[in-house]
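Residues per chain are reported as follows:
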Amino acid sequence: QEIEHIVTLLTELANYTQTGTLLQATLEQLFLEVGLDGPLGKYDYNTFQPLVTKTWISSVWQTLSEFRIVIHHPTYHLPLLRLNDCYLMQAFAQAGYKGTDLAMLSRCRMFLKATTLSDIVTVDGNAIASLALDGKESNDIRPHVQWPRQPPPPSAKHWVLWRQALQRAFLSPYGAPNHKTLSRPLRNWDTSQVSLTTVWR
């Protein structure tokens, strides 16, 4: 049955049917929900399952992951914006966060409307922005993204974990206490993906 779902997905997307349009919208919401980019099947489903709302599309992802299949499909994507940029949720998972902790970090990210490290660093790319570290706001450099309706704000416990995760995943171990300096600074902007007018406004 799951193979039939994969075939249906490919057929409907390729033919730009009304069903395909709905499936594409569902795919876009899935990527936004987990904070990753496509193609579908690129990332391990079991790692990011705690972030996923169970849908027909997520079950397809689970099957693709199980058989190590990747579907390349034309859909909206959430690009990396700078040299050395990375997806926050992928970095948190690689830093050892999983399960409930990973879901808590995703909730913080969604509240801030951030997807990649570019969304939460200073313009010079050298440090985590104070407002993002404190759970106030991101850089808002993806104005085209239609974020889903927000749940209630994350708790203080969420933000403690958020700061710990940023420290572990991104910050230099050699800085002064409470520093925000990245161990691997971000560099040149990809101007094909972001307007510098938006960045410097």
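Since this is a predicted model, take the numbers as computed values, not measurements.

Whenever I open this one, the pattern of salt bridges confuses me. Can you help?
Considering all chains together, one arrives at 1 salt bridge under this definition. We note a salt bridge from Arg-142 to Asp-119, for which the minimum N-O separation is 3.0 Å. A residue pair is termed long-range when its members are at least 10 positions apart, and Arg-142 in the loop between α7 (130-133) and α8 (156-170) and Asp-119 in the loop between α6 (99-112) and α7 qualify at 23 residues. Overall, Arg-142 belongs to the buried group, its relative accessible area being 6%. Asp-119 sits in the buried class, given a relative accessible area of 2%.

Looking at this structure, I do not really get the packing of aromatic side chains. What am I missing?
Each aromatic ring pair is specified by the distance between its two centres and by the angle formed by the two planes. Within the structure shown, the criterion is met by 7 aromatic pairs. Taking the centre distance of 6.1 Å and the plane angle of 85 degrees together, the rings of Tyr-43 and Phe-48 count as edge-to-face. The exposure classification of Tyr-43 matches that of Phe-48, with both residues buried. Relative to Trp-61, the ring of Tyr-45 lies with its centre 5.2 Å away and its plane at 85 degrees, an arrangement referred to as edge-to-face. Note that Tyr-45 is positioned in helix α3 (residues 45-48) and Trp-61 in helix α4 (residues 56-66), a separation of 16 residues in sequence.

I would appreciate a short explanation of the nonpolar core in the present structure.
Taken as a class, soluble globular proteins show a tendency for nonpolar side chains to be buried jointly. Grouped together as the largest cluster of nonpolar side chains are 54 residues, with contacts concentrated most on Phe-92 and Trp-162. Residues within four places of Trp-162 in sequence aside, it is in contact with Leu-88, Phe-92, Leu-105, Cys-108, Arg-109, Leu-112, Ile-120, Ala-132 and Leu-133.

What am I meant to see in unusual backbone geometry here?
When glycine is set aside, most residues are seen to have a negative phi, and most peptide bonds are trans. The step from Gly-38 to Pro-39 runs through a cis peptide bond, and the omega angle for that step is 5 degrees. Structurally, the position occupied by Pro-39 is in the loop between α2 (18-34) and α3. In this structure, Arg-68 is a non-glycine residue whose phi angle is positive, near 55 degrees. Tracing the backbone shows Arg-68 in the loop between α4 and α5 (88-94).

Honestly, the packing of α2 against α4 in this entry has me stumped. Any pointers?
For any two helices packed against each other, the geometry comes down to the angle between their axes and how far apart the axes lie. Relative to each other, α2 and α4 sit at 70 degrees, their axes nearing to 9 Å. Accordingly, the angle class assigned to the pair α2 and α4 is roughly perpendicular. In this structure, the crossing between α2 and α4 has a hand that is right-handed. Contacts from Leu-23, Thr-26, Leu-27, Leu-30 and Val-34 of α2 reach α4 at Trp-56, Ile-57 and Trp-61. Classifying every residue of the contact of α2 with α4 gives 7 nonpolar, 1 polar and no charged.

Would you mind showing me how to read the environment of Trp-189 here?
Following the sequence through the fold, Trp-189 ends up in the loop between α8 and α9 (196-199). For Trp-189 and Val-70, which are 119 residues apart along the polypeptide, the C-alpha to C-alpha distance reads 28 Å.

Is there a simple way to think about the environment of Trp-61 in this case?
Overall, the relative accessible area of 4% leaves Trp-61 in the buried class. Sequence separation between Trp-61 and Glu-2 is 59 residues, and the spatial gap between their C-alpha atoms is 9.8 Å. Ignoring anything within four residues of it in the chain, the contact list for Trp-61 reads Leu-30, Val-34, Leu-40, Gly-41, Tyr-43, Asp-44, Tyr-45, Phe-48 and Val-52.

Which parts of the structure should I look at to understand the side chain of Asp-119?
Engagement of the side chain of Asp-119 in a polar contact is seen with the backbone nitrogen of Thr-116, the distance being 2.9 Å. If we skip the residues at most four places from it in the chain, Asp-119 touches Leu-81, Ala-114, Ser-138, Asn-139, Ile-141 and Arg-142.

When you look at the confidence of the model for the chain in this model, what are you seeing that I'm missing?
Detailed reading of predicted coordinates is not advised where the pLDDT is low. Taken as a whole, the chain shows an average pLDDT of 89; of its residues, 93% reach a score of 70 or greater. Of all helices and strands in the chain, the one with the weakest mean pLDDT is α9 (60), whereas α5 scores best (98).

Analysis parameters
For every chain, the first residue of the written sequence is number 1, and numbering continues from 1 along that sequence. The predicted nature of this model means local features are confined to residues of pLDDT at least 70 and side-chain atom pairs, given and counted, to a pLDDT of 80 or more, with totals for whole chains, interfaces and linings taken over all residues. Where side-chain values are given, they derive from all heavy atoms of the structure, hydrogens and water being excluded. A pairing counts as a salt bridge when a side-chain nitrogen of Lys or Arg comes within 4 Å of a carboxyl oxygen of Asp or Glu. A run of H or I in DSSP counts as a helix once it spans at least four residues, and a run of E counts as a strand once it spans at least two, with each numbered from the N terminus. When a residue's accessible area, from a 1.4 Å probe over protein chains only, is under 20% of the maximum for its type it is buried; when over 50% it is exposed; and in between it is partly exposed. Centres within 6.5 Å are what make two rings of Phe, Tyr or Trp a pair, Trp counting through its six-membered ring; a difference in plane orientation under 30 degrees is then read as stacked, over 60 as edge-to-face, and the rest as tilted. Only buried Ala, Val, Leu, Ile, Met, Phe, Trp, Tyr and Cys residues count toward a nonpolar core, and they belong to the same one when joined by side-chain atoms within 4.5 Å. Note on definitions: a residue-residue contact is assigned when non-hydrogen atoms from the two residues lie within 4.5 Å. Structural elements are reduced to axes, namely lines fitted to C-alpha atoms, with helices fitted over the stretch in contact, and the angle between N-to-C directions of any two is expressed from 0 to 180 degrees. Angles below 35 degrees are treated as roughly parallel, those above 145 as roughly antiparallel, those between 65 and 115 as roughly perpendicular, and all remaining angles as oblique. Helix crossings fall into two classes, left-handed where the near helix is turned counterclockwise from the far one by less than a right angle and right-handed where it is turned clockwise. When residues are sorted by character, Ala, Val, Leu, Ile, Met, Phe, Trp, Tyr, Cys and Pro go into the nonpolar class, Asp, Glu, Lys and Arg into the charged class, and all the rest, Gly among them, into the polar class. As used in this structure description, the phrase polar contact means that two N or O atoms lie within 3.5 Å; if the pair is within protein, one of them must be able to donate a hydrogen and the other to accept it, and residues adjacent in sequence are counted only when both atoms belong to side chains. Values of pLDDT, which run from 0 to 100, indicate the predictor's confidence residue by residue.

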